[in-house]
Amino acid sequence: MKTLPRLFQTAALLLLTASVAAAKPQTLEIYSLCGAESEGITKVLQMMVPEGDQMEIKQAGQKLVVRATAEQHRIISDRLDELCAPPRNVQINVEFDTSGQSRERGAGIRPTGPINIRDGDVSGGFEVTLRNRSNTLDENITQMLVASSGKQASLRVGERVPHLLWIEDYYGRHYRHREVHVEWQDVGAFLAIEPTIIGTGPLIRIRVIPQLSGRLGNGKRHTIQFTELATEIVACDGTPVSIGGFDENKDFYSKFLVGGTGGNVSSITQITLTPKILR
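Since this is a predicted model, take the numbers as computed values, not measurements.

Undergrad: Describe the overall build of the protein, naming the residues involved and giving the relevant values.
TA: Along the backbone of the protein there are five helices and 14 strands. Looking at the protein residue by residue over its 279 residues, the buried ones come to 29%. Considering only intrachain contacts with a sequence separation of at least 6, the fraction spanning at least 24 residues in the protein is 69%. Element-wise, carbon and sulfur atoms account for 52% of the exposed surface of the protein, whose accessible area totals about 18200 Å².

Undergrad: Quick one: what's the story with the pattern of salt bridges, residue by residue and with numbers?
TA: The full count for this structure, using the stated rule, is four salt bridges. Here R74 makes a salt bridge to E71, at a shortest N to O gap of 2.7 Å. With a gap of three residues between them, R74 and E71 both fall in helix 3 (residues 70–84), about one helical turn apart. Among the residues examined, R74 registers a relative accessible area of 43% and is labelled partly exposed. Across the pair R205 and E232 runs a salt bridge whose closest N-O atoms are separated by 3.9 Å. Residue R205 is found in strand 10 (residues 203–216), and its partner E232 is found in strand 12 (residues 231–236); the two are separated by 27 residues along the sequence. Owing to a relative accessible area of 33%, R205 belongs among the partly exposed residues under this scheme. According to the relative accessible area criterion, E232 is partly exposed, its value standing at 47%.

Undergrad: So, the environment of V157: which residues are in play, and what are the values?
TA: With respect to the helices and strands, the residue V157 is situated in strand 8 (residues 153–158). Relative accessible area serves as the criterion here: at 18%, V157 is assigned to the buried category. In this structure, the C-alpha to C-alpha distance between V157 and A189, residues 32 residues apart in sequence, is 5.5 Å.

Undergrad: Would you mind going over a negative patch on the surface in detail, with residue names and values included?
TA: On the surface, a cluster of negative charge is made up of E95, D97, D138 and E139. Contributing elements (two or more residues each) for the negative patch: strand 4 (89–111) and strand 7 (126–148). With respect to the element layout, E95 can be found in strand 4. On the accessibility criterion, E95 (30% relative accessible area) is partly exposed.

Undergrad: Explain the side chain of E194 residue by residue, including any values.
TA: By secondary structure assignment, the location of E194 is in strand 9 (residues 184–197). Despite its burial, E194 pairs with no opposite charge; the closest candidate is R207, at 4.3 Å N-O.

Undergrad: A description of the sheet that holds strand 2 (residues 56–60) should follow, citing residues and the corresponding values.
TA: One open sheet holds the three strands; their spatial order is 1-3-2, and the pairing between them is antiparallel. Lying at the two open borders of the sheet, with one neighbouring strand each, are strand 1 (27–32) and strand 2. Taking the axes of each pair of neighbouring strands and ignoring which way they run, one obtains an average angle of 20° across the sheet. The pairing of strand 2 with strand 3 (residues 63–68) spans five bridges and is classified as antiparallel. Opposite Q59, over in strand 3, you have L64 as the bridge partner. In the packing of helix 2 (residues 41–48) onto the sheet, the strands contacted are strand 2 and strand 3, and the crossing angle to strand 2 comes to about 155°. In the packing of helix 3 onto the sheet, the strands contacted are strand 1, strand 2 and strand 3, and the crossing angle to strand 1 comes to about 0°.

Undergrad: An account of helix 4 (residues 164–174) is requested, with residue identities and associated values reported.
TA: Buried residues of helix 4: L164, I167, E168, Y170, Y171 and G172, and no others. Residues of helix 4 that are buried in the fold lie against strand 9, strand 10, strand 11 (221–225) and helix 5 (250–256).

Undergrad: Mind laying out the pairing of strand 3, listing which residues take part and the relevant values?
TA: Here strand 3 shows a clear split, with L64, V66 and A68 buried on one side and none of K63, V65 and R67 buried on the other. Across six bridges, the pairing between strand 1 and strand 3 is antiparallel. Paired with I30 across the strands is V65, a residue of strand 3. Counting the residues between successive antiparallel strands, the hairpin from strand 2 to strand 3 contains two residues, one of them, G61, with a positive phi of roughly 65°.

Undergrad: Any details on the packing of aromatic side chains? Residues and values, ideally.
TA: Note on aromatic pairs: each is described by the distance of the centres and the angle between the planes. For the structure shown, the criterion picks out six aromatic pairs. When the centroid spacing of 5.3 Å and the interplanar angle of 45° are considered together, the rings of Y170 and F252 count as tilted. Highlighted residues: Y170 in helix 4 and F252 in helix 5, separated in sequence by 82 residues. In terms of burial, Y170 and F252 fall into one category: buried. Ring-pair connections join several aromatic residues into one group, and the members of that group are W166, Y170, F226, F252, Y253 and F256.

What counts, and at which threshold
Residues numbered from 1 in each chain as written. Predicted model: local features only at pLDDT ≥ 70, side-chain atom pairs only at ≥ 80, totals over all residues. Heavy atoms only, no water. Helix = DSSP H or I, 4+ residues; strand = E, 2+ residues; numbered from the N terminus. Buried < 20%, exposed > 50% of the residue type's maximum accessible area, 1.4 Å probe, protein only. Contact = heavy atoms within 4.5 Å. Areas by Shrake-Rupley, 256 points an atom, 1.4 Å probe, with all protein chains shown as cover. Salt bridge = Lys/Arg side-chain N within 4 Å of Asp/Glu carboxyl O. Patch = residues over 30% accessible without salt bridge, like charges linked within 9 Å, V, L, I, M, F, W, Y side chains within 5 Å. Lys, Arg positive; Asp, Glu negative; His and termini not counted. Charge placed at Lys NZ, Arg CZ, Asp CG, Glu CD. Pairing = 2+ DSSP bridges. Axes fitted to C-alpha atoms, helices over the stretch in contact; angles between N-to-C directions. Phe/Tyr/Trp six-rings, centres within 6.5 Å; stacked < 30°, edge-to-face > 60°.

Okay, here's the thing in structure tokens:
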């Protein structure tokens with residue numbers, strides 16, 4: 001019976017020896033984040049490295065101090081290479097196809113014979129002319145922009161915004177931070193386009209956000225983005241995809257996409273995006 005504790009002691013010693021032998025040696029390395037997003041990078045790397053031997057990561061500014069095994073160091077180095085790689089650029093061709101009807105109405109006066117002016121009095125024959133013309137609107141415009149993956153680039157869709165007061169009132173009614181009655185010097189309608197490459201491609205997620213951009217009365221630039229009206233699609237590299245006529249927010253876009261056209265215009269705008277990942 002006295003030999004039993006000795007057997008337990010021997011087994012415990014063998015287990016301890018085995019665990020020490022199995023523990024892999026660790027070394028200390030310092031890594032540069034080289035432009036990678038530093039916020040939360042420690043937690044991200046800890047999730048990427050398989051569980052096992054104890055690993056220590058400390059962050060100091062744009063440096064990481066890591067005590068880990070050779071295998072863990074290899075994984076961290078590979079992940080940091082991916083995180084530090086510059087974002088890839090995406091070229092997007094944006095096609096606007098507008099169709100509809102425009103109507104011009106007006107009145108004028110024209111002479112029917114010679115006009116005599118004597119002592120400030122005007123005499124002669126005049127007739128009133130009325131204009132009531134209807135024209136078919138068919139316009140196709142393509143613009144091109146380039147944006148880094150995850151970043152925004154904007155394109156102008158209107159030199160001026162005829163329904164600016166209505167759009168400002170809409171902004172005030174639907175957004176918490178109300179900025180109505182902004183004293184603009186000039187304002188144009190823009191679409192902010194934000195492409196994000198999914199993984200390594202070829203799929204690209206694209207957000208299209210309407211925005212007003214111009215200058216205030218004091219000369220400073222000012223921009224309002226309607227993020228709640230953003231449209232999001234997923235497209236394949238090199239494949240055109242249509243975002244339709246914005247039926248979901250038709251009331252807003254019917255005034256936002258007028259693009260400075262005067263007169264009584266009834267139109268529908270279809271927008272087609274063709275993204276291309278730049279190698």
